[in-house]
Amino acid sequence: MKSQARVVVIGGGAVGCSALYHLTQLGWTDAVLLERDELTAGSTWHAAGNCPNFSTSWSILKLQRYSTALYARLAHETGYDINYHLTGSIRLAHTADRVDEFRHVLAQARAQQTEFELLAPAQIKERHPFLELDDIRLGLWDPGDGDIDPAQLTQALAKGARDRGASVYRHTGVTGIRELASGGWRIETTAGAIDAEYVINAAGYRGGEVAAMIGEYLPMVTLSHQYLLTEDIQALRERGAARLPLVRDPDVSYYLRQERHGLLLGPYESRGRAHWLDDLPHEFAHQLFADDLGRIESYIEAACARMPILGSVGVKRVINGPIPYAPDGNPLMGPAAVGRNFFHCCAFTFGIVQAGGAGRIIAEWLVNGEPDWDVWPLDHRRYLPFANRSYTLAKALETYEHEYGVAYPQEERPAGRPAKTSPLYDRLRAIGAVFGARGGWERALYYAKSEDPAGPECSFRRPQWHRAITRECAAVAGGVALLELPGFTKFEVTGAGAPAWLDYLVAGALPRPGRSTLSYFCSPRGGIVSEMTVSRLGEDRFWLISAAAGERHDEHWLRSHLSQRFGPVSLANLTCRYGSLIVVGPHSRTLLARIADADLTNEAFPWLTVRTVPIGYTEALALRVNYVGELGWELHVPSEHLLSVHQLLVDAREELELVHFGLYAMESLRLEKCYRSWKADLTTEYTPLMASLERFVRLDKQTDFIGRDALRREAAAGPKERFVPLLVEARDADAAAVSIVYRGSERVGLVTSGGYGYRLNRSIALAYVRADLARPGTELEVEILGERRPARVGREPLYDPENLRLRA
Ligand SMILES: Cc1cc2nc3c(=O)[nH]c(=O)nc-3n(C[C@H](O)[C@H](O)[C@H](O)COP(=O)(O)OP(=O)(O)OC[C@H]3O[C@@H](n4cnc5c(N)ncnc54)[C@H](O)[C@@H]3O)c2cc1C
């Protein structure tokens, strides 16, 4: 074995081999793959090999589309034969909600140049004569779906990589990894040591084991998943080489396809099983679990009713194999928090169809410093440290059970909750708070009242809680209202080098002492990595506040850029030490003045300033900013005083009606102000110039900053797309994220957030559109659940254009 390589990939499953293939494609040919057994010995060898394009997630749809396109040409490209049957597939819809879901995904796919089709039952029957369809509303046709031989796929990828100079060492298990003082990593294996600049952990369900070798924990567990293969069926034999389309019956929860002249049936059952919670057996490779057909009996019956020929023959073989799961069923990818240049790329539950795209993404991450696409749903930093084994197990089992559930835009599932609660949790619950989890924190979504109408909590249309939001938005606009935001990410940056260091990280100007500003952190390519409110509490003391979900991501970005070249800088994560209360509305000053020992007048405490304000027995850091566009303050209060400060606010209300509001109202209010949301409207695929945020960018700053050159080039050429608000003539459904914007028959943009604005009484979408169509007044259309609705480009902010209310 070589003793040195630029990059070592650990794990020779479909994903590891794809990583190796793509690294060599990008020119990194000094690459080595280490496999403890034979290639495919993990989950890959026994996978069913189904390869859909379909996904309800924009990022995963993109990734899978890339894979299927690659697989279609891979045999030719590598000279290695692969059995890949492009049969197309039909997903069956039993319910109106499922039809809504299909319509939404169909538009997303179209925007990615993939044409799905909706089929009436009679059309389904034409393509699949063996199905009983009495209870089916319609089907979704994915023409690029099919099944591939996973072992051949893996071998082809490995061959392609080897042909370009990479090495693959089988029976070479990694036993230890340590970071070298000189930089890079030493990887100890059963066949000696190898040093590498970069490492990729592609160890599949053993990904956690490999992560532990560098002292990192990954939230993943191993479950079992099984499918059965039937004996040959005469009716299929008679069809000769013709193959049936793959069928998925998501409302029952199984897939069913032809395998040779028999059938292959795989359910995602309601009671999944976890394995090896304490330890992974070292010797397990190329093995299966014992058959467990009892678990899937009812699904077999349902599938036999759907396709009676299934019940006409016996079961030939059962495959029950290990499958890794992160809490949400998406993989864990991206740079490790420990050390430099160590990347995870494991925990794939659909790793055959995702291997192609995942290999490309991880290779770009190493070679180019970042992937071409924003892949936040796959980034392992989406999990905060609380996601321990108990949480991961509870969530993974829930996800497995819902693998085929309807992907509602706002669904809050109960497993693994409550994980993190603020001291106010019980108090808010007692007054009707309905909670959702954000970064593990229970946050009020809205406050229900007994007189509110009953109705579904989840829908693609406006659900029943819109009554509550109407009430809460009215209070924010007309009185005084309170929002608690536990888990708001907060960092303190101090030290003589802090101003210069921050100036290098952000695209805009730093605020003067006593002031706050929104700041954009860009990648070298100019894409938006993060958005934070930067408050300057002293010459060299700053607070950085960002989204709850971004805590690990943002901390990783900041820490990995720490450098002494600007002078001493220290960074502290204060997230759990402070709770956050947002007090807003025209009467917020009156209310706050009753409890705060501070001058809150406009002269003493104007918009965009920050002060330390004594309240009760503590001091709050008060920012005269908010995300809803009314007079108001963000109060960051030491956690141990949160309850008492909240009580003071409630007790001080006297004749004022103090209304609590939740995240859903906040979302509506911020849409009206066109405030962007991180990872919805702001991703690495958009720059601050595309996001129409040039007022926060200083291309003429004296100092260099990350992304400056790319932004200068873009400014000179003019951004190709621009962020705009759209006023939409919607019916009972608003534009969801990734709805498509049209001009005539041409697709000209993409919605990144949408909803109803209750102060304006308008349906609103925030979108990126072709730059020449960004002028206010331009007439466009947005596709909502299969229907094109008129939409006009508005001038931002839509609500209170002069910001008079914020400055009041
Ligand atoms: C029954 C079943 C059916 C499935 N059907 C499908 C399907 O139809 N479509 C689909 O997309 N997905 C399917 N999957 C999921 C799919 O099998 C996995 O997602 C995929 O195989 C994961 O590939 P991987 O390369 O990430 O991991 P693995 O295939 O597990 O590869 C990881 C490799 O790393 C090696 N390794 C681990 N530790 C070390 C170490 N310390 N040193 C060196 N090497 C190490 C292992 O030996 C292994 O070969 C199915 C899974 C099951 C269980």
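A quick note: this is a predicted structure, and the numbers were derived from the prediction, not measured.

## Quick notes on helix 10 (residues 389–401)
Consideration 1: The end-to-end C-alpha distance of helix 10 is 18 Å, a good match for the 18 Å that 13 residues give at a rise of 1.5 Å each.
Consideration 2: Here the buried face of helix 10 lies against strand 12 (221–230), strand 15 (262–267), strand 16 (273–275) and strand 17 (315–325).
Consideration 3: Capping the start of helix 10, Asn388 holds a side-chain oxygen 3.2 Å from the backbone nitrogen of Ser390, two or three residues further along.

## Observations regarding helix 16 (residues 642–651)
Consideration 1: Within helix 16, the full set of buried residues consists of Leu642, Val645, His646, Leu649 and Val650. Down the axis of helix 16, the smallest arc covering the buried residues is 140 degrees, so these residues share one side.

## Some thoughts on the sheet that holds strand 37 (residues 779–784)
Consideration 1: On the basis of which strands lie adjacent, the closed barrel formed by six strands has the order 33-36-35-34-37-38 and antiparallel pairing. Looking at each pair of strands side by side, their axes are set apart by 40 degrees on average, direction ignored.
Consideration 2: Two strands pair when backbone bridges link them, and strand 33 (residues 721–728) and strand 36 (residues 762–770) are joined in this way by eight bridges, in the antiparallel orientation. Pairing of Val724 across the sheet is with Ala767, part of strand 36.

## Re the sheet that holds strand 26 (residues 541–546)
Consideration 1: Strand order in the open sheet formed by five strands is 24-25-26-23-27, and the pairing between neighbours is antiparallel. Two strands bound the open sheet, and with one partner strand each, they are strand 24 (516–522) and strand 27 (570–573). Strand-to-strand twist of the sheet, defined as the mean angle between neighbouring strand axes without regard to direction, takes the value 30 degrees.
Consideration 2: Here strand 25 (residues 528–538) runs beside strand 26; their pairing, made up of five bridges, is antiparallel. Within the sheet, the bridge partner assigned to Gly538 lies in strand 26 and is Arg541.

## Description of the nonpolar core
Consideration 1: Of all hydrophobic cores here, the largest spans 49 residues; its most connected members are Ile200, Met333, Ile362 and Leu366.
Consideration 2: If one sorts the elements of this core by residue count, helix 9 (residues 351–368) sits on top with nine residues.
Consideration 3: Leave out the neighbours within four places in its chain, and Met333 touches His344, Cys345, Phe348, Ala358, Ile361, Ile362, Trp365, Leu378, Asp379 and His380.
Consideration 4: Ranked by size, the runner-up nonpolar core spans 32 residues in total, among them Tyr425, Ala433, Phe435 and Leu600.

## Let's talk about the site of the ligand
Consideration 1: Lining the immediate environment of the ligand, one finds 37 residues, of which Glu35, Thr44, Asn50, Phe348 and Gly351 sit closest.
Consideration 2: One of the backbone nitrogen or oxygen atoms of Arg36 is found 3.0 Å away from a nitrogen atom of the ligand.
Consideration 3: Interatomic distance of 2.7 Å between a backbone N/O atom of Phe348 and an oxygen atom of the ligand.
Consideration 4: Relative to its unbound accessible area of 990 Å², the ligand is 98% covered by the protein chains.
Consideration 5: Of all the secondary structure elements, the ones that give two or more residues to the shell around the ligand are helix 1 (14–25), strand 12, strand 17 and helix 9.
Consideration 6: When its residues are assigned to classes, the shell around the ligand shows 18 nonpolar, 16 polar and three charged.

## Thoughts on the pairing of strand 1 (residues 4–10)
Consideration 1: Most of strand 1 sits inside the fold, with five of its seven residues counted as buried.
Consideration 2: For strand 1 and strand 11 (residues 192–201), the ladder comprises six bridges, and the chain directions are parallel. By the bridge assignment, Val8 is partnered in strand 11 with Val199.
Consideration 3: Alignment of strand 1 against strand 2 (residues 31–34), held across four bridges, turns out to be parallel. Within strand 2, the position partnered with Val7 by the bridge is Ala31.

## Remarks on the state of the cysteines
Consideration 1: On inspection of all chains with the given rule, the structure shows zero disulfides.
Consideration 2: For the unlinked cysteine Cys345, the closest cysteine sulfur is that of Cys346, found at 7.3 Å.
Consideration 3: On the basis of relative accessibility, which here comes to 1%, the residue Cys345 falls in the buried class.

## Some remarks on the environment of His282
Consideration 1: Structurally, His282 can be placed in the loop between strand 16 and helix 8 (297–306).
Consideration 2: Once residues lying within four places of it in the same chain are set aside, the contact partners of His282 are Arg36 and Arg206.

Rules used throughout
Residues numbered from 1 in each chain as written. Predicted model: local features only at pLDDT ≥ 70, side-chain atom pairs only at ≥ 80, totals over all residues. Heavy atoms only, no water. Helix = DSSP H or I, 4+ residues; strand = E, 2+ residues; numbered from the N terminus. Expected span 1.5 Å × (residues − 1). Contact = heavy atoms within 4.5 Å. Polar contact = N/O pair within 3.5 Å; in protein donor to acceptor, adjacent residues only side chain to side chain. Buried < 20%, exposed > 50% of the residue type's maximum accessible area, 1.4 Å probe, protein only. Arc of directions from axis to C-beta. Pairing = 2+ DSSP bridges. Axes fitted to C-alpha atoms, helices over the stretch in contact; angles between N-to-C directions. Core = buried A, V, L, I, M, F, W, Y, C linked by side-chain atoms within 4.5 Å. Near = heavy atom within 4 Å. Areas by Shrake-Rupley, 256 points an atom, 1.4 Å probe, with all protein chains shown as cover. Nonpolar A, V, L, I, M, F, W, Y, C, P; charged D, E, K, R; others polar. Disulfide = S-S within 2.5 Å.

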